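Here are the chains, one letter per residue:
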Amino acid sequence: MSVLERRYTGLPDDTTRRAYRLLSVVPLSALDADATANACSVSHEDAAAILRQLDDAHLLKRLGPQPGREVAYRFTEAGREHAHQHARTEDSVDVVDDAVRRAGSWLLATFTRAERILTPHHRQLDRDLHHQVPAYAFADDNPAAALLWVEAHLPDVKLMAREARRRDWHEMAWQLVHAAWPAFHHLRPLELSWELHSLGVQAAEACGNRVALREMLTTGAIALRGLRRVQVAFAWAERASVLALEDGDLRGRAQANHELGVCSRELGLREAAVQYLYDARVWREDSGDRRGAALTRIVQGQIHLDDGRPQKAIDRVGPAHTDLRDVNDPINAGRACLVLAEAHAHLDRLPRTLGLLDEAHTYFERAGHPPGQARVLKARGRLAQKAGRIDEARTCYTAALNLYPQSSPDAADIAALLKGLPEQRASPSA
């Protein structure tokens, strides 16, 4: 009898042995009491006790408390394979499927709670849950706690969405991707966002849900743009626009045309961008979508800047900033501040420019949005570089670079700015 087998047979009861088996088949990057309670259909208190027993038996490795998680545990590779073998021989296919579905429902329900807290303006779509999921994580609906939870469990969404797609659980697959929008919006893990949206598109097509398909296409286009794959992003948005027109969904068509306008601007197609954005703004205004119209006005303001008309940009984006502040959208209010700061900088209004950058930083910091904070630092660095304060510019660019993943195209831009700074002069000899 192997060491693992002796530890397994020495567990105190059948409930703990069953949990050991079922947890090994659940696609999660780490285990805590909340996940275990839902996957194994036991109380939270019993789940915590089970995890401690499995740790005491050296069948799980205790990782300890982690940001966004309770006390976390993980299988070793050998332990997971051992538990898998027992699950294959001691548990029916239905029992194993039920555990995976329950874990998926727990992830979906909890990410959806975070979505409602962190991105309340995100389009609300159906959620098909396998069981009722008690609200345990961030039970007080605290945004900071919700964002920590989302960041900690994003690897679990990747694993669970892949597993759902493999099992042809198409609704769960696209719904997980849709519910993970707060992570994509706040943290911008671009490669992962594109990967999961590709999976979401396939899943929405497979179950014939056209609304879900349009959402996957338009939000996926945002990730593609971030990765500088703008032609592909345009194609995704164009497909979403056609589907929305066929379905008579004005909101969906406005969302898709907004993306088409952004893509067209980035492709240098100014006239097309102007028309797409005009249509998107009018449709959003006509449907009473104050926030959506404000987002489109930000991009229209950027086009005015492209044309060398900073005052027109201010006239366009100023009201958008007010609207976004009033509807409590700090990330996009911060984006508006950045455009306004750039416009005022063009007009040599330095105090107003710096005040707007301070305001943008406050918005991004409050929202927990590192990419926005990096953009503020980049703008400060450009101002310092223009004024000849090279050390200050280097400090700002370095701090901005540290806020981006190394693989991000934005990080490459900052690195190029750093490389382009003049070399520091050697100190004069005494």
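Residues numbered from 1 in each chain as written. Predicted model: local features only at pLDDT ≥ 70, side-chain atom pairs only at ≥ 80, totals over all residues. Heavy atoms only, no water.

Naming follows an unreviewed UniProt entry, where the protein chain appears as Tetratricopeptide repeat protein of Streptomyces typhae.

All right, on to the overall build of the protein chain then. Broken down by element type, the protein chain carries 21 helices and 2 strands. Dimensions of the protein chain along its principal axes, counting C-alpha atoms only, are 75 × 75 × 35 Å. For the protein chain, the residues scored as buried account for 52% of the 430 residues in total. On the protein chain, roughly 19,400 Å² of surface is accessible, and the fraction owed to carbon and sulfur atoms is 50%. Placing the 56 positive and 58 negative side-chain charges of the protein chain at their respective mean positions leaves the two points 5 Å apart. (Helix = DSSP H or I, 4+ residues; strand = E, 2+ residues; numbered from the N terminus. Buried < 20%, exposed > 50% of the residue type's maximum accessible area, 1.4 Å probe, protein only. Areas by Shrake-Rupley, 256 points an atom, 1.4 Å probe, with all protein chains shown as cover. Lys, Arg positive; Asp, Glu negative; His and termini not counted. Charge placed at Lys NZ, Arg CZ, Asp CG, Glu CD.)

A separate point is unusual backbone geometry. In the Ramachandran plot, phenylalanine 138 falls in the positive-phi region, its phi being about 35° despite a non-glycine side chain. Within the secondary structure, phenylalanine 138 is located in the loop between helix H6 (93-118) and helix H7 (143-166). One non-glycine residue, asparagine 328, lies in the positive phi region at around 60°. With respect to the element layout, asparagine 328 can be found in the loop between helix H16 (310-326) and helix H17 (330-346).

Bringing empty space enclosed by the protein into the picture now. Tallying each qualifying case throughout the model produces 2 cavities of 30 Å³ or more. Taken as a whole, the largest cavity holds about 40 Å³ of empty space. If you trace the largest cavity, you find it lined by His122, Val177, His178, Trp181, Phe184, His197, Glu215, Met216 and Thr219. Secondary-structure elements contributing two or more residues to the lining of the largest cavity are helix H8 (170-179), helix H9 (181-187) and helix H11 (210-226). (1 Å grid on protein atoms, 1.4 Å probe; cavity = no way out; pocket = protein on both sides within 12 Å on 5 of 7 lines; lining within 4 Å. Points joined across faces, edges and corners; volume = space filled by probe spheres on them.)

The UniProt record marks residues 374-407 with the feature "repeat: TPR" (unreviewed entry), using the residue numbering of this structure. Across residues 374-407 one finds 74% helix and 0% strand; the C-alpha atoms that close the span lie 15 Å apart. (UniProt positions renumbered as here; feature names shortened; annotations may be inferred.)

A separate point is helix H15 (residues 290-306). Spanning 17 residues, H15 covers 25 Å between terminal C-alpha atoms, matching the ideal 24 Å at 1.5 Å per step. Most of H15 is tucked away: 13 of the 17 residues are buried. (Expected span 1.5 Å × (residues − 1).)

Take the side chain of arginine 284 next. Here arginine 284 is to be found in helix H14 (residues 270-286). When sequence neighbours within four positions are dropped, the list of residues in contact with arginine 284 reads Ala254, Gln255, His258, Asp289, Gly292, Ala293, Leu295 and Thr296. (Contact = heavy atoms within 4.5 Å.)

Our next topic: the pattern of salt bridges. Tallying each qualifying case throughout the model produces 38 salt bridges. One salt bridge connects arginine 69 with aspartate 156, and the closest N-O pair in it is separated by 3.0 Å. Placement of the pair is arginine 69 in the loop between strand E1 (61-65) and strand E2 (71-74) and aspartate 156 in helix H7, with a sequence separation of 87 residues. No difference in accessibility class separates arginine 69 from aspartate 156, as the two residues are buried. In this structure, aspartate 329 engages arginine 291 in a salt bridge whose closest nitrogen and oxygen atoms are separated by 2.7 Å. (Salt bridge = Lys/Arg side-chain N within 4 Å of Asp/Glu carboxyl O.)

Attention now moves to the pairing of E2. Sheet analysis places E1 next to E2, joined by 4 bridges and oriented antiparallel. When the bridges of E2 are listed, arginine 62 appears paired with tyrosine 73. Hairpin connection between E1 and E2: a loop of 5 residues separates the two successive antiparallel strands, and glycine 68 in this loop has a positive phi of roughly 85°. (Pairing = 2+ DSSP bridges.)

Aromatic ring pairs are described here by two measures, namely the spacing of the ring centres and the angle between the planes. For the structure on display, the rule yields 6 aromatic pairs. Ring plane angle 40° and centroid distance 5.8 Å describe the contact between tyrosine 20 and phenylalanine 75, whose orientation is recorded as tilted. Of this pair, tyrosine 20 sits in helix H2 (residues 14-25) while phenylalanine 75 sits in the loop between E2 and helix H5 (77-90), and the two are 55 residues apart along the sequence. Each member of the pair, tyrosine 20 as well as phenylalanine 75, is classed as buried. Here the aromatic cluster, defined as three or more aromatic residues joined through ring pairs, consists of Trp106, Phe111, Phe138 and Trp149. When the ring centre of tryptophan 169 is taken as reference, the NZ or CZ atom of arginine 101 above it lies at 4.0 Å. (Phe/Tyr/Trp six-rings, centres within 6.5 Å; stacked < 30°, edge-to-face > 60°. Lys NZ or Arg CZ within 6 Å of the ring centre and 35° of its normal.)

Topologically, aspartate 329 is positioned in the loop between H16 and H17. Aspartate 329 has contacts with His121, Arg291 and Leu324, leaving out every residue within four places of it along the chain. For aspartate 329, the side chain forms a polar contact with the side chain of asparagine 332, separated by 2.8 Å. (Polar contact = N/O pair within 3.5 Å; in protein donor to acceptor, adjacent residues only side chain to side chain.)

Here we come to H14. Between the first and last C-alpha of H14 there are 24 Å, a value that for 17 residues agrees with the 24 Å anticipated at 1.5 Å per step. For H14, the set of buried residues is Ala273, Leu277, Ala280, Arg281, Trp283 and Arg284. Looking straight down H14, one finds its buried side chains confined to an arc of 165°; they lie on one side. Exposed and facing more than 90 degrees away from the buried side of H14 are Glu271 and Asp286. Check the buried side of H14 and you find it contacts helix H13 (250-266), H15 and H16. Looking one or two places after H14, you find glycine 288, whose phi comes out positive at around 75°. (Arc of directions from axis to C-beta.)

In this section: the side chain of aspartate 156. The exposure class assigned to aspartate 156 is buried, which follows from its relative accessible area of 0%. In this structure the side chain of aspartate 156 is engaged in a polar contact, spanning 3.0 Å, whose partner is the side chain of arginine 69.

Here the focus is the packing of H17 against helix H18 (residues 350-367). At a minimum axis distance of 8 Å, the contact between H17 and H18 shows a crossing angle of 165°. In this view, H17 runs roughly antiparallel relative to H18, as classed from their interaxial angle. Note that H17 runs across H18; the crossing there is left-handed. Of H18, the residues touching H17 (which contributes Pro330, Ile331, Ala333, Gly334, Arg335, Cys337, Leu338, Leu340, Ala341, His344 and Ala345) are Arg352, Thr353, Leu356, Leu357, Glu359, Ala360, Tyr363, Phe364, Arg366 and Ala367. Here the contact of H17 with H18 is composed, by residue class, of 14 nonpolar, 3 polar and 4 charged. (Axes fitted to C-alpha atoms, helices over the stretch in contact; angles between N-to-C directions. Parallel < 35°, antiparallel > 145°, perpendicular 65-115°, else oblique. Left-handed = near helix turned anticlockwise from the far one by under 90°. Nonpolar A, V, L, I, M, F, W, Y, C, P; charged D, E, K, R; others polar.)

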